[in-house]
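# Examining the three-dimensional arrangement
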Amino acid sequence: MASQRTVKTVESVSVRDFFETYGNQLETQLVAGDKGLKRLIREKSINRPALALTGYLDHLAFKRIQLFGLGELGYLKQMPHKRQVEVLNAIAEKGVPCFVIGRGLVPTPAMLEVADNYNIALYRSTLSSKDFTTTATILIETVFAQSTTEHGVMVDVKGVGVLIKGKSGMGKSECALGLIERGHSLVADDQVYLRLLNEKEVMATSNELTRGYLECRGLGFIDVIQLFGIRAHRKEKRVDLVVEFVEWSREFEADRTGLDEKRYEILGFEIPHMTIPVRPGRDLAQLVETAAMLSALKATGHDPAKELNERILRSMAPPEPAPEREKNKGE
């Protein structure tokens, strides 16, 4: 099952936007080429231009951030200044988005000259090359990930990320409040922002403006951190289960056995989906909590519904005939 939603795909990000947003995490400082901040990063990986420094540029990944580590900088420093400029000019002419020097190393005069001449931003990072590559790759993956929004409430129930959906007035926020009182955490209310990371998982978060707030009819907006403490809120969580509230009616056919496994599609990724009929007297928070625990149990390879079904089938099977040897003994 899937709902109609707008999917946003990012194909590039400017150097300025990326480093203004994540510069603190990457521990970077702009040292040259400030006129090149409008250049675009168009691939979600980091490139080490090792072989390119020898002059071989046929397979240079020029759409990526170019990271100079201890090895690259040491190799450059062995060259005469004129040769450094020639090599760096050739790389710059490919249209690379920016240069980054790791370990807080000092750029050579040739690097400063080329960065300013070609308007290519040159940054220094105090992170090691390995740490910069790991952190930056994760951040770029987040920026480039497909994204969309869903109307609902996202909660973390003992490590299981549950997206609660349903029409307005079905009790989604009240259910989330009940879960928070039981010690679980709110991720997002009303508008849930979703990203597909590494083609493997859907991550949910909230709008920064309303982060940490929950709207309940009759009470208004609730600051869950102020009322319940910091444990009551999580900034983001993977979506492991979608629970949908539907209005109960005599015609509604609820799944009574749990054998009918459904899936809900978000950004092309299928997530386990359960439907819970809503009627007066049902403790929705308890039902969602149980659904989350059941989903976690299934993830370990134990499915109570299937196990019970197999037990019933075994009990209905006719008894196996006694071996011939035992029959002869009785005679």
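Residues numbered from 1 in each chain as written. Predicted model: local features only at pLDDT ≥ 70, side-chain atom pairs only at ≥ 80, totals over all residues. Heavy atoms only, no water.

Turning to the sheet that holds strand β15 (residues 241-247), a few remarks are in order. Reading across from one edge, β14-β11-β10-β8-β9-β15-β17-β16 is the order of the eight strands in this open sheet, with mixed pairing throughout. What marks the edges here is a single partner per strand, and that holds for β14 (236-238) and β16 (262-266). In this sheet, neighbouring strand axes are inclined to one another by 40 degrees on average, regardless of whether the strands run parallel or antiparallel. Here five bridges tie strand β8 (residues 147-157) to strand β9 (residues 160-166), and the two strands are oriented antiparallel to one another. Bridging across to β9, V153 finds its partner in I164. (Pairing = 2+ DSSP bridges. Helix = DSSP H or I, 4+ residues; strand = E, 2+ residues; numbered from the N terminus. Axes fitted to C-alpha atoms, helices over the stretch in contact; angles between N-to-C directions.)

Turning to helix α2 (residues 70-77), a few remarks are in order. The complete set of buried residues in α2 reads E72, L73 and L76. Viewed along the axis of α2, the buried residues span an arc of 95 degrees, placing them on a single side of the element. With respect to the buried face of α2, the exposed residues turned more than 90 degrees away are L70 and G71. Lining the buried residues of α2 we find β5 (65-68), α3 (81-92), β6 (98-101) and α4 (109-117). (Buried < 20%, exposed > 50% of the residue type's maximum accessible area, 1.4 Å probe, protein only. Arc of directions from axis to C-beta. Contact = heavy atoms within 4.5 Å.)

This part is about unusual backbone geometry. Backbone geometry places N119, a non-glycine residue, at a positive phi of 55 degrees. Locating N119 in the fold gives a position in the loop between α4 and β7 (121-125). Note on N119: relative accessible area 32%, which makes it partly exposed. Its identity as a non-glycine residue notwithstanding, K158 has a phi of 55 degrees, on the positive side. On the secondary structure map, K158 appears in the loop between β8 and β9. With relative accessibility at 59%, the residue K158 sits in the exposed group.

The next thing to look at is the pattern of salt bridges. Within this structure, the stated rule accounts for eleven salt bridges. The partner of E86 in a salt bridge is R83, with the nearest N and O atoms 3.4 Å apart. Note that E86 and R83 are positioned in helix α3 at a spacing of three residues, about one turn of the helix. Under the relative-accessibility criterion, E86 is labelled partly exposed at 40%. In this structure R83 comes out as partly exposed when scored by relative accessible area, which is 34%. Here R182 and E289 are joined by a salt bridge, their closest N and O atoms 3.2 Å apart. Of this pair, R182 sits in the loop between α6 (172-181) and β10 (185-197) while E289 is found in helix α8 (residues 284-299), placing the two residues 107 residues apart along the sequence. On the basis of relative accessible area, R182 is assigned to the partly exposed category, the value being 37%. By relative accessible area, which is 16% here, E289 ends up buried. Each of E201, K237, R238 and D240 takes part in a single network of salt bridges with overlapping partners. (Salt bridge = Lys/Arg side-chain N within 4 Å of Asp/Glu carboxyl O.)

Any functional reading would require information beyond the geometric quantities listed.
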